[in-house]
Amino acid sequence: MTRPLQTFTALFCLGLVLSATPLQAHADNRCGASATPIHQVQGSGNQSPLIGQTVTVEGILVLDARKPGGFSGFYLQQADHQTDDNPATSEALFVYTRKAGGTVGQRVRVTGTVKEFHGLTELAPVHSLSVCGQAPLPAPINVSLPWSQPPESLENMRVRFDEPLTVIDNYNLARYGELALAASDQVIATEQLAPGPAARTLEQQNLAQRITLDDGLGKQNPTPVPWLSERDTVRAGDIVSELEGVLDYRFGQWRVQPGAVPRFQARNPRPQAPTKSTDSIRIMTLNLQNYFNGDGQGKGFPTPRGASSLEQFQTQNRKLARTIQDAHPDILAVTELENDGYGPDSAAAGLARTLGADWAVVQTPGRDGNDAIRTALLYRESRVRPTGPAYRPGPGELPGASRPPLAQAFRARGSELTFWVVVPHLKSKSCRHAAAREQDQGDGQGCYNRQRTLSANAIVIWLQALAGDPETTPVLITGDLNSYAREAPVERFQEAGFTSLVHQYYPCLPMQCEHYTYRYQGQKGTLDYALASPALMPWIEQAQIWNINADEPRALSYRHTPDQSGPWRSSDHNPVLTDLNLTPTR
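Residues numbered from 1 in each chain as written. Predicted model: local features only at pLDDT ≥ 70, side-chain atom pairs only at ≥ 80, totals over all residues. Heavy atoms only, no water.

An unreviewed UniProt entry annotates the protein as Endonuclease/exonuclease/phosphatase domain-containing protein of Marinobacter nauticus.

The structure is reproduced here in structure tokens:
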């Protein structure tokens, strides 16, 4: 009984082996023999009609990604004379294999199984690979943005972009070797449009009409960072031309793997430090990007939100000091400062010492909220002096206000005018822990918009009770509102009579804004404001944004490089500068 059962089992397993590989066994590896056209493998839809089938294809190797750190494969494209002339079908495939054989410009014959890998049609595994000799590369297809034809129809094919493209995002340059490109710079929808379906549609259009310039590597933290050198930067707003390569789809994005280094042109040069008149009082508003000084004595790293090491903190400190000193402010309004009191080892005291002996900190001990970060005011004693105590709203005065605003009245030396400076920092758009009413409502304003709006309204009421009617009291509300120009929180301040000075002096044109403080996912807009009361407007000399941070790659930040060359990428927000002319003749 045992031997017949063993024999049956052996014959059954042999049958499984024979039946499992019929296509592989019958694959014709002769170059030039009948093969499945690549456009049939790709099909005209979003997925291959031959998923799971083993096929033999023959084409030209147009880009090899089998190098160390690459994508473990190569791109195979049908010769020009073998295409089907159907614009809906791609003529190329990604072949996922570590098998050797074939170089760019050689004809290759491959047998493998058709697979969809996160939206990319490929052959994997590969059963056989033969090199068939040299062949001319297929001509690249001319494309443009907005997409001149659906990118799916060009997947893995050689393409050439007709027109120069604009760098809109360099955030992942150091981590993944990526730059996001579009036909022109992209503006956050609610910077110009009222929240609602139109703003959401524009946001979706912006995200769809872009391409990622990749470095051809699948590893993180490439060294050296591509397209970036010690002397040259790649700023958002710069131009990329002569872009040619393979159109690829990875990690949820269309991207081009270049066959050669494209041409970069600096169309968004680094701006000079802004000048001001000797008689004016400058108020500088700056998000410090989590300024944490450890224990204040060179230890205590990594910090909860800021620098991970003493070296990182020293770089951050140098960059911020250079930024502030080059701007020549008399009052410094900051957000994202460590909330650790006002003692000699506190972050606030340390920043003041870094700036020099003339600098002092406005103190509100024990009333700075329960968040890890806070707002703060610093000032030059030789130029201005506080009048009266500083104020923050107490518990229960602002809804959900873990970062209560700071208000202080000042008077310039030699002037009789008293003016208030108020520093808010509203809830961010991050959706973490957002409950139903605080979730993204699909109108372009992001998560926690309700809380930001309630906080803005409460600040208006609190400030009027504290300082008086904005029609008669000079007040500047300046800080990080985490809201774009047409969103409800900013509208609430404007309804109360406050004017956004940056937008007053530099209004946005249709689909174009020259002054902005932040970039998010390749779209620019204003999160940081200088809002003036009617009584302050006659004293405004100028207001501007110094574009030193938002357009610079994150690779230059304190977390990534010990660079000491200047203020560039000292934070992720651009500073806002407001100049007041308080001369006695005013």
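Caption draft 1: View of the overall build of the protein. Along the backbone of the protein there are 10 helices and 29 strands. Overall, the protein is about 100 × 65 × 45 Å in size when its C-alpha atoms are taken along their principal axes. The 586 residues of the protein split such that 55% are buried. Within the protein, contacts between residues at least 6 apart in sequence are counted, and of these 72% link residues at least 24 apart. When the accessible surface of the protein is summed, it comes to about 25200 Å², and 51% of that surface belongs to carbon and sulfur atoms. Charge centroids of the protein, computed over 53 positive and 58 negative side chains, lie 4 Å from each other. (Helix = DSSP H or I, 4+ residues; strand = E, 2+ residues; numbered from the N terminus. Buried < 20%, exposed > 50% of the residue type's maximum accessible area, 1.4 Å probe, protein only. Contact = heavy atoms within 4.5 Å. Areas by Shrake-Rupley, 256 points an atom, 1.4 Å probe, with all protein chains shown as cover. Lys, Arg positive; Asp, Glu negative; His and termini not counted. Charge placed at Lys NZ, Arg CZ, Asp CG, Glu CD.)

Caption draft 2: Just the environment of Tyr342, in detail. For Tyr342, the position within the fold is in the loop between strand 17 (331–338) and helix 7 (347–355). Taking the C-alpha atoms as reference points, Tyr342 and Glu203, 139 residues apart in sequence, are found 43 Å from one another. A distance of 3.2 Å separates a polar atom in the side chain of Tyr342 from a polar atom in the side chain of Thr364. At 2.8 Å, the side chain of Tyr342 forms a polar contact with the side chain of Asp368. (Polar contact = N/O pair within 3.5 Å; in protein donor to acceptor, adjacent residues only side chain to side chain.)

Caption draft 3: Fine view of the domain arrangement of the protein. Taken domain by domain, the protein comprises domain 1 (38–134), domain 2 (141–265) and domain 3 (280–581). Between domain 1 and domain 2, the C-alpha centre-to-centre distance is 24 Å. Domain 1 puts 24 residues into the contact, and the matching count from domain 2 is 20 residues. A buried area of about 1700 Å², summed over both sides, lies between domain 1 and domain 2, and 54% of it is on carbon and sulfur atoms. For the domain 1 face of the interface with domain 2, the top three residues by lost area are Phe71, Tyr75 and Leu120, together amounting to 30%. Run the count over domain 1 and domain 2 and you get zero salt bridges. Applying the counting criterion to the domain 1 and domain 2 interface returns nine residue pairs in polar contact (both at pLDDT 80 or more). For the side of domain 1 that touches domain 2, the secondary structure elements donating two or more residues are strand 1 (54–64), strand 2 (73–77), strand 3 (92–96) and strand 5 (120–134). (Domains from an automatic or database assignment. Buried area = accessible area lost by both parts, 1.4 Å probe. Salt bridge = Lys/Arg side-chain N within 4 Å of Asp/Glu carboxyl O.)

Caption draft 4: View of the packing of helix 8 (residues 449–467) against helix 9 (residues 488–495). Remark: helix 8 packs on helix 9, axes separated minimally by 8 Å, with the N-to-C direction vectors making an angle of 20°. Taken together, the axes of helix 8 and helix 9 are roughly parallel relative to one another. The two elements helix 8 and helix 9 meet at a crossing, and its hand is right-handed. Listed contacts from helix 9 to Asn449, Arg452, Thr453, Ala456, Asn457, Ile459 and Val460 of helix 8 are Ala488, Pro489, Arg492 and Phe493. Residue composition of the contact of helix 8 with helix 9, by class: six nonpolar, three polar and two charged. (Axes fitted to C-alpha atoms, helices over the stretch in contact; angles between N-to-C directions. Parallel < 35°, antiparallel > 145°, perpendicular 65-115°, else oblique. Left-handed = near helix turned anticlockwise from the far one by under 90°. Nonpolar A, V, L, I, M, F, W, Y, C, P; charged D, E, K, R; others polar.)

Caption draft 5: Representation of the nonpolar core. Residues Ile331, Leu377, Phe410 and Phe419 are the most contacted members of the largest nonpolar core, which totals 30 residues. Among all residues touching Phe410, those that are not within four sequence positions of it are Ile331, Val362, Leu377, Tyr379, Val384, Arg385, Pro386, Thr387, Leu417, Thr418, Phe419 and Val421. The next biggest cluster of nonpolar side chains, apart from the first, holds 27 residues, and it includes Phe313, Val334, Trp359 and Ile548. (Core = buried A, V, L, I, M, F, W, Y, C linked by side-chain atoms within 4.5 Å.)

Caption draft 6: Representation of the sheet that holds strand 20 (residues 384–386). Sheet architecture is open: six strands sit in the order 20-21-22-23-27-24, paired in mixed fashion. Each having just a single partner strand, strand 20 and strand 24 (499–500) make up the two edges of the open sheet. Contacts from helix 8 reach strand 21 (406–412), strand 22 (418–423) and strand 23 (475–480) within the one sheet, and its direction differs from that of strand 22 by about 155°. (Pairing = 2+ DSSP bridges.)

Caption draft 7: Looking closely at the pairing of strand 7 (residues 158–161). In this structure, strand 6 (residues 141–143) lies alongside strand 7, joined through three bridges in parallel fashion. Among the inter-strand pairings, Val143 is bridged to a residue of strand 7, identified as Phe161. Sheet analysis places strand 7 next to strand 13 (residues 244–250), joined by three bridges and oriented antiparallel. Paired with Arg160 across the bridge in strand 13 is Glu244.

Caption draft 8: The side chain of Thr478, seen in detail. Position of Thr478 among the secondary structure elements: in strand 23. In terms of polar contacts, Thr478 uses its side chain to reach the side chain of Thr285, at 2.3 Å. Dropping the residues within four chain positions of it, Thr478 is found in contact with Ile283, Thr285, Ala333, Val421, Val422, Val423, Pro424, Tyr529 and Ala530.

Caption draft 9: Structural view of the pairing of strand 2. The buried count for strand 2 comes to five of five residues, which makes it a mostly enclosed element. Side-chain alternation along strand 2 places Gly73, Tyr75 and Gln77 on one buried face and Phe74 and Leu76 on a second face that is also buried.

Caption draft 10: The arrangement of helix 9 in detail. Turning to helix 9, its buried residues number three or more, namely Pro489, Val490, Arg492 and Phe493. Seen end-on, helix 9 carries its buried residues on one side only, within an arc spanning 155°. On its buried side, helix 9 packs onto helix 8, strand 23 and strand 27 (528–532). (Arc of directions from axis to C-beta.)

Caption draft 11: How the structure looks around unusual backbone geometry. Cis peptide bonds are those with omega within 30 degrees of zero, and the linkage from Leu145 to Pro146 qualifies with -5°. With respect to the helices and strands, the residue Pro146 is situated in the loop between strand 6 and strand 7. Cis geometry is found at the peptide bond from Thr223 to Pro224, where omega equals 0°. Although it is not a glycine, Asn221 sits at a positive phi angle of roughly 55°. Counting through the fold element by element, Asn221 comes out in the loop between strand 11 (211–213) and strand 12 (239–241). Positive phi is not limited to glycine here, since His433 has a value of about 65°. You can see His433 is positioned in the loop between strand 22 and helix 8.

Caption draft 12: Looking closely at the pattern of salt bridges. Inspection of every chain in the model, using the stated rule, returns 29 salt bridges. When the shortest N-O distance is used, the salt bridge between Glu552 and Arg235 registers 2.8 Å. Of this pair, Glu552 sits in the loop between strand 28 (540–545) and strand 29 (576–581) while Arg235 sits in the loop between strand 11 and strand 12; the two residues are 317 residues apart in sequence, bridging distant segments of the chain. On the basis of relative accessible area, Glu552 is assigned to the buried category, the value being 0%. Three or more residues joined by partner-sharing salt bridges are found here, namely Asp185, Arg235, Arg270, Arg519, Lys524, Asp551 and Glu552.

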